[in-house]
Amino acid sequence: MDDQPTSLQALRTSLSFKPCRKVPAKVPSIESVWSTGAIPTIMSTINPKTYAPTPSRKVAFLGLGVMGYPMAGHLASAGHQVTVYNRTATKSIAWCADFSGPGVLKHALTPREAAAGNDIIFCCVGNDDDLRSVTGGADGAFAGMKPGTIFVDHTTASANVARELSAAAKKLGLEFVDAPVSGGQAGAQNGMLTVMCGGEQAAFDLVQPVAMAFSRAFTHLGDSGAGQLAKMVNQICIAGLVQGLSEAIAFGQNAGLDMNQVLEVIGKGAAQSWQLDNRGKTMVADQFEFGFAVDWMRKDLGLVLDEAKRNGSRLPVTALVDQFYADVQQMGGRRWDTSSLIRRLR
């Protein structure tokens, strides 16, 4: 658990809503190239991207973890006015020190303060309970949002909490879009996430051009909860694919094949997949430090299996792979990436 401020009021005067300092002068000012339409990224935590021209909006971003930190950075570099909030205030201050952009950048000490006066509130936290914590209560984002403001949740959470918070938002005259992402830390850093959205079409249409700062696809899939359900479909696919790839590589190695060569060949045929292309050779090399952790995958598969019980789906392979990931956790691989399933077979 991150250290928490011992006195919120004591910090409020010195920290709340302070403008972020600019990066050192030796880094070229983004304002100097803004009019070209090709806005370069200047932060080490995000990679270069050319942003489609879009009007600057006042936005907030709640949650500066491995995904939220670069996602908020892309919003700043695309020219939006960004207020950030993180449970540990020092991380918000660090973000302000790292990023610069044409818009005003600042940090706040509560979700409510971050949300106040902004048009779109983006969020990426850990789970259902974290999401309820940053939205509800006297210091929650909903309490600071003016009517018509849109809350966009990028947390991988349950479809139930998406529907619950959407209903709560509507009672306050707010909009809620559930928008979990796929692409991992690399996708966030590159501004190339795939985002699956549920909620009102009108709210989605307002958010999409802004969110394209960190997305390669931002797609509306239906009513509230549809985004979370689509992310569950995504995780079911990944679980089966990674297990199949693990078995194939282990089989080939036991047979004495040059598996790097084999992967090159089969990657040109029907066995090709993102997992094979991006994780196959690192699995051969027994390297598992590439982003999405086993702990996170187990959390996501827990959501999948809970939803399957509710809707009557039979997911025997997914349930089995979930237990295989439990084995990897027991092996000390809680922070290994999801391709570490192959460790069970060695």
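Being a predicted model, the structure only gives us computed values, none of them experimental. (Residues numbered from 1 in each chain as written. Predicted model: local features only at pLDDT ≥ 70, side-chain atom pairs only at ≥ 80, totals over all residues. Heavy atoms only, no water.)

Asker: I'd like to hear about the overall build of the protein, residue by residue, with values.
Answerer: Along the backbone of the protein there are 14 helices and nine strands. Taking all 346 residues of the protein together, 48% fall into the buried category. If you take every contact in the protein between residues at least 6 apart in sequence, the share linking residues at least 24 apart comes to 69%. (Helix = DSSP H or I, 4+ residues; strand = E, 2+ residues; numbered from the N terminus. Buried < 20%, exposed > 50% of the residue type's maximum accessible area, 1.4 Å probe, protein only. Contact = heavy atoms within 4.5 Å.)

Asker: I'd like a description of the environment of F324, backed by residues and values.
Answerer: Its location among the elements puts F324 in helix α14 (residues 316-330). Taking the relative accessible area as the measure of exposure, F324 reaches 15% and is therefore buried. Taking the C-alpha atoms as reference, F324 lies 7.0 Å from L341; in sequence the two are 17 residues apart. Setting aside anything within four residues of it in sequence, one finds F324 in contact with Q243, L341 and R344.

Asker: Pulling in residues and values, what's your account of the sheet that holds strand β2 (residues 81-85)?
Answerer: Spatially, six strands are ordered β3-β2-β1-β4-β5-β6 in an open sheet, and the strand pairing comes out parallel. The two strands at the open ends of the sheet, each matched to only one other strand, are β3 (105-107) and β6 (175-178). The average undirected angle you get between the axes of adjacent strands in this sheet is 20°. With four bridges connecting them, strand β1 (residues 58-62) and strand β4 (residues 120-123) associate as parallel partners. Its bridge partner lying in β4, A60 is registered against I121. (Pairing = 2+ DSSP bridges. Axes fitted to C-alpha atoms, helices over the stretch in contact; angles between N-to-C directions.)

Asker: Any chance you could break down unusual backbone geometry for me, citing the residues and the numbers?
Answerer: Non-glycine residue D286 carries a positive phi angle of around 60°. With relative accessibility at 31%, the residue D286 sits in the partly exposed group.

Asker: Describe the pattern of salt bridges, naming the residues involved and giving the relevant values.
Answerer: The full count for this structure, using the stated rule, is 15 salt bridges. Where R344 meets D327, a salt bridge forms, and the shortest distance between an N and an O atom there is 2.9 Å. With R344 in the segment after α14 and D327 in helix α14, the pair connects residues that are 17 residues apart, well separated along the chain. The exposure class assigned to D327 is partly exposed, which follows from its relative accessible area of 34%. Ionic contacts of the salt-bridge type, sharing partners, join the residues R57, D119 and K146 into one network. (Salt bridge = Lys/Arg side-chain N within 4 Å of Asp/Glu carboxyl O.)

Asker: Hey, could you go over the packing of aromatic side chains for me, with residue numbers and the actual values?
Answerer: What the rule picks out here adds up to nine aromatic pairs. Measuring from ring centre to ring centre gives 5.6 Å for F142 and F151, while their planes differ by 90°; the resulting arrangement is edge-to-face. For F151, a relative accessible area of 0% translates into the label buried. Ring centres of F288 and W336 lie 6.2 Å apart, and the angle between their planes is 35°; on these two criteria the pair is classed as tilted. Here the residue F288 occupies a position in the loop between α12 (274-284) and α13 (294-311), and W336 occupies one in the segment after α14, the gap between them amounting to 48 residues. (Phe/Tyr/Trp six-rings, centres within 6.5 Å; stacked < 30°, edge-to-face > 60°.)

Asker: Tell me about helix α3 (residues 89-98), and name the residues and values.
Answerer: Within the sequence span of α3, burial applies to A89, S92, W95 and C96. Taken around the axis of α3, the buried residues stretch over an arc of 115°, which confines them to a single face. (Arc of directions from axis to C-beta.)

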